[in-house]
Structure formats: structure tokens, C-alpha cells
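Coordinate inspection notes
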Amino acid sequence: SKMIEPFPAYRRLLEYFRFSEAQGGPGLDYLSGRYLADLVTWYHLAWTGETVRREHALVVELMTKGANFTLADRQALLGVIGDVLRGVMPRWRALADRGQVEVSSTPQYHPIGPLMLDFAAAHETDPTAPLPRFARYPGGRERLARHIGWALESHAGRFGHAPAGLWPAEGAVSGPFVDMLGREGIRWTGSGEAVLAASLTASGKSLPREEFLYRPWLIGDSGVTGFFRDDRLSDRIGFEYSKWHGRDAAADFIKQLEHIAAAAPADEVPVVSVILDGENAWEYYPYNGFYFLDDLYASLEAHATIRTTTCSDVVASGAHRQRLDHLVAGSWVYGNLATWIGSRDKNVAWDLLCEAKGRYDLVMASGRLSESEREAASRQLGVCEGSDWFWWFGDYNPPESVRSMDDVYRASLARLYELLALAPPEALSQPISVGGVRLGDTVGAMRRSTT
């Protein structure tokens, strides 16, 4: 039990069995090596995708076996997982080379670009939001450029060319951020419907939803085209259709598209952007969404007037693109940046990061680190600059998840100090956030774009 106690999931198991033993049920003796071997095997079986289960007989055989998995069973399962992972990039590259899909990129460690440039970006949608003690993230522009550069290099290494489009972390955009993308050669980006609506309002334009949402927009002088998601339709896939029969959900999706087409201006073909977390929704669907997606793609392919396309093809066509003079800073979550800044816990996390960045700058300027040490420290700083830490801090997430993210965030900052050959500050030993809701009350990994 001492070996597994540090892991949160196993801690809960220990608590359960200690309680069970006190009530006369099975106790800690039940947590044998065999039990843990079965548990870890089932963990991997449960997370295999539906297509993997259909294509690999071993997965079905192990699921049917159910228990008493041997070392050979576990090694064979890991072999299947390895084969699947090795095929991911070649499969997507082949699809992209055929023009069947377009693969975008995201800044390497998933930072919130507008906040890296200026914390005051949060005030564009909420002027009263409290901000961190630091006025801005030190050297944020250079760090954001580094994240973008890493992403472009990684993409080119895997796909043979730089991406034409970049999906910013959490769809978080601002005018200065999109200007940076344009200077890096990015031709299109995306965000949420509420960002577009707020931007049009700030520009003095008042248009019905069906007239502003379903077209691409040229953002200022950046040369970058913006695509803005249909929040209602995207959230139907992310949160609603998992409760429906797959065929009914696919039929409703098609019906919604037909309604959009019918309401469009007579001389315009609407461009509908459906954007959602590519991985999080499917675990809530029966069979990982296999039947829904199968019915949906078949319906789209057979439809007389609906056509799927890529963002680059839309940009190249120049179809009904209008100019958006002013882009309000925001994200696809509620159209603002409040998920990552503006509350006590989130601001404390930013202040700790800003303090670490100040120490990082001093050590880098001193010249006392080797080139490999500098790169290691830069990469570790990139980890700390990621958006997910700030996402989880707050009372709207379950305490178990918040505690884990808090521990790892502070450990990541401490590791940065170690790479800089500095002692981590005492503040990193104190928790930042404790969370609020219990597991099951919310889906912490996804948030609706609409309230």
C-alpha cells in the first residue's frame, strides 16, 4: 500500500478497502499484485477506441476473458497500443496529402496567447476583473513566438510543410495575437461565436446571427482569415447528442444545416464552422460515438447540397470574406478569458509563474548555463506556461482534479527552479486552489461555449 499511496486513484481504492475491512468486508489483502495487474489491464482496455476493438481480435479476447490477465496478455495489449500509435501520424499525413483533411497546429505547450502578450486583454470583455499583481507576463511576446515556432517546426517535421492554419489554445485570440500569426505566415485561425459577436458590436456593426456567423472574416491588416464556430451546433455534438440514438442525432445535425442554408442571404453559400474538443466528447457516447459518426459522415456524403471542405480551400476561394476591423480578445469559452485569469486562485498561479520567469530571465542573461541546459529550462518553462493549469484552478472544478493539477503545477515550477540551479521558493509548498464541486457534478475537461 505504501507503493501505490501517492497516486490519487489508488488512494481512493485504499480508502474504500480500509472502510470495507472495518465493516467486515474484503480488506487490504484484496489489493494483491494480481488485482492491480487486472486493474491496469482494464484501464487500457477501457480506453481503447471502438475502431481498435473492431480491428484487433486481441482486444475483444481480453475483454471477454475479463480477469486473471497474464504478463503475456499485458505485453500483447501494449503491442497493439504501440502499433496504433505508430500509425497515427502516417495515417493523418496520407489523408492530408490526398486533400481529404487539413491538419492545423497549436502553439506548442498550449498557452493562452492574448494573456501571454498582455493580462489587460481580459478587460476587453470584463473591465472589472481583478488581475495578477504583475501587470503583464515578463517577455511574453518572445515566449509566445517561441511556442509558435516550436509548433511550426514540429508540424513541418511530421507533415513535410508548415501548417496554413493555427487553432489557438482554447480559441483564445486578440488583435495583437492574430497579427503575430500573420507575420509567421499563418493564413487562417479560429475562435468562438461570442468573440465575433463582441467584435462586431465593438466595431459598430449590428447584423443578424445568420448574416455574420456563416462566413469567413479577414481580421484587420493581419492577412489572417478567421473562422468562428457555430456554438449551438458544436455544443450539440459536445454535450447533447451523446444522449440520443446515433441515427437521430445525425439526422438532427443535417436538419440544422438545412435550416442555416435556408436562412442565408440569397447570393451567399454559408460556411458553417463546427469546432469542438477532438477527444473529450466521445467517451460520453455509446461505443465512443462510432454509430453517430458513421451515420453523420454517411449523411453528409450523400446530401445533395451540403459539402464538407477545408479552411484553406475556403480561404483560397475568397468566398464572401468580409473585413473585421477590430477583434475583441476572448476565447471559445463564453467569449471571454475568465477561465484562465481574473479570480484569486488563477491570479496567484500567474504571479508564481511571473516570479519564476523573472528568475529565469536573470539566469539566462548570466550566461552560466550550457546550451543544452538553456534549452531544457526553456522547455520546462513552456510546460509551466500551458493553459490547463489555470483552467483547473477555481471552485467550479472537482477538488480531486484540482488537487492533482495544483500539485503537478507547483512541482513543474519547482523543477524549473532546479534546472536554473536555484532553490524553489517557499510559496511553492503552499496549495493554490482546492476546487469546489464533487466528481460527477460537472465535466471538468469540457465547458460549454454557451451559458
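Structure first, text after, so check above.
As a starting point, this report considers the structure included with it. Computed from a predicted model, the values in this text were never measured in an experiment.

Observations regarding the sheet that holds strand 4 (residues 224–228)
- An order of 1-2-4-3-5 is seen for the five strands of this open sheet, with the pairing classed as mixed. Each of the sheet's edge strands pairs with one partner strand only, and the pair in question is strand 1 (165–166) and strand 5 (322–324).
- Bridge count for strand 3 (residues 217–219) against strand 5 is three bridges, and the pairing is parallel. Looking at the pairing, Leu218 lines up with Arg323 of strand 5.
- Relative to strand 4, helix 8 (residues 175–183) is tilted by about 125°, and along the sheet it contacts strand 1, strand 2 (188–191), strand 3 and strand 4.

Describing the state of the cysteines
- Under the criterion given, the structure shown has zero disulfides.
- The thiol of Cys384 is not disulfide-bonded; the next cysteine sulfur, from Cys354, is found 12 Å away.

Considerations on the packing of aromatic side chains
- Summed over all chains, the structure comprises 18 aromatic pairs.
- An aromatic cluster is present here, built from Phe119, Tyr137, Trp350, Trp389, Phe390, Phe393 and Tyr409 joined pairwise through their rings.
- The side chain of Arg54 reaches across the aromatic face of Phe290, ending 3.9 Å from its centre.

Some details on the environment of Val348
- Along the polypeptide, Val348 turns up in helix 15 (residues 344–366).
- The exposure class assigned to Val348 is partly exposed, which follows from its relative accessible area of 27%.
- Through-space distance from the C-alpha of Val348 to that of Ile432 is 7.0 Å; in sequence the pair is 84 residues apart.

Here's the deal with the nonpolar core
- In terms of nonpolar packing, the biggest core is built from 83 residues, with Leu115, Phe292, Leu353 and Tyr409 touching the most fellow members.
- Within the second largest apolar cluster, seven residues are counted, among which are Val59, Leu62, Leu77 and Val80.

Concerning the pairing of strand 4
- Strand 4 sits mainly inside the fold: five of its five residues count as buried.
- When strand 2 meets strand 4, the two strands line up parallel, connected through four bridges. Each bridged residue has a counterpart across the sheet, and for Ser191 the counterpart in strand 4 is Phe228.
- Of the strand pairs in this sheet, strand 3 and strand 4 are connected by three bridges, and their pairing is antiparallel.

Describing unusual backbone geometry
- Phi at Tyr287 takes a positive value of approximately 55°, unusual for a residue other than glycine.
- The backbone of Tyr334 shows a phi angle near 65°, a positive value even though the residue is not glycine.
- Within the secondary structure, Tyr334 is located in the loop between strand 5 and helix 15.

Quick look at the pattern of salt bridges
- Scanning the model with the defined rule gives 26 salt bridges in all.
- Linking Asp345 and Arg344 is a salt bridge whose minimum nitrogen-to-oxygen distance equals 2.9 Å.
- For Asp345, a relative accessible area of 16% translates into the label buried.
- The network of salt bridges with shared partners includes Glu50, Arg53 and Arg54.

Side note on the packing of helix 7 (residues 140–159) against helix 16 (residues 371–384)
- In the contact formed by helix 7 and helix 16, the axes pass within 11 Å of each other and the chain directions differ by 95°. Taken together, the axis directions place helix 7 and helix 16 in an arrangement best described as roughly perpendicular. On the side of helix 7, the interface is formed by Arg143, Arg146, His147 and Trp150, while helix 16 contributes Glu375, Ser378, Arg379, Leu381 and Gly382.

Focus on the packing of helix 12 (residues 246–263) against helix 13 (residues 290–302)
- Look at helix 12 against helix 13: their axes get within 8 Å of each other, and the N-to-C directions meet at 35°. Note that helix 12 runs across helix 13; the crossing there is right-handed. Facing Gly246, Arg247, Ala249, Ala250, Phe253, Ile254 and Leu257 of helix 12, the residues of helix 13 in contact are Phe292, Asp295, Leu296, Ser299 and Leu300.

Topic: helix 15
- The end-to-end C-alpha separation of helix 15 is 34 Å, in line with the 33 Å expected for 23 residues at 1.5 Å each.
- Downstream of helix 15 by a residue or two, Gly367 has a phi angle that is positive, lying close to 75°.

Comments concerning the side chain of Arg410
- You can see Arg410 is positioned in helix 18 (residues 399–419).
- Excluding residues within four positions of it along the chain, Arg410 makes contact with Leu428, Ser429, Gln430, Pro431 and Ile432.

Focus on helix 18
- Here helix 18 contains 21 residues, and its C-alpha end-to-end distance of 30 Å stays within 8% of the 30 Å for a straight helix at 1.5 Å per residue.
- Within the sequence span of helix 18, burial applies to Pro399, Glu400, Val402, Met405, Asp406, Tyr409, Arg410, Ser412, Leu413, Ala414, Leu416 and Tyr417.
- Backbone geometry just downstream of helix 18 places Ala421 in the positive-phi region, at approximately 60°.

Criteria and thresholds
Residues numbered from 1 in each chain as written. Predicted model: local features only at pLDDT ≥ 70, side-chain atom pairs only at ≥ 80, totals over all residues. Heavy atoms only, no water. Pairing = 2+ DSSP bridges. Helix = DSSP H or I, 4+ residues; strand = E, 2+ residues; numbered from the N terminus. Contact = heavy atoms within 4.5 Å. Axes fitted to C-alpha atoms, helices over the stretch in contact; angles between N-to-C directions. Disulfide = S-S within 2.5 Å. Phe/Tyr/Trp six-rings, centres within 6.5 Å; stacked < 30°, edge-to-face > 60°. Lys NZ or Arg CZ within 6 Å of the ring centre and 35° of its normal. Buried < 20%, exposed > 50% of the residue type's maximum accessible area, 1.4 Å probe, protein only. Core = buried A, V, L, I, M, F, W, Y, C linked by side-chain atoms within 4.5 Å. Salt bridge = Lys/Arg side-chain N within 4 Å of Asp/Glu carboxyl O. Parallel < 35°, antiparallel > 145°, perpendicular 65-115°, else oblique. Left-handed = near helix turned anticlockwise from the far one by under 90°. Expected span 1.5 Å × (residues − 1).

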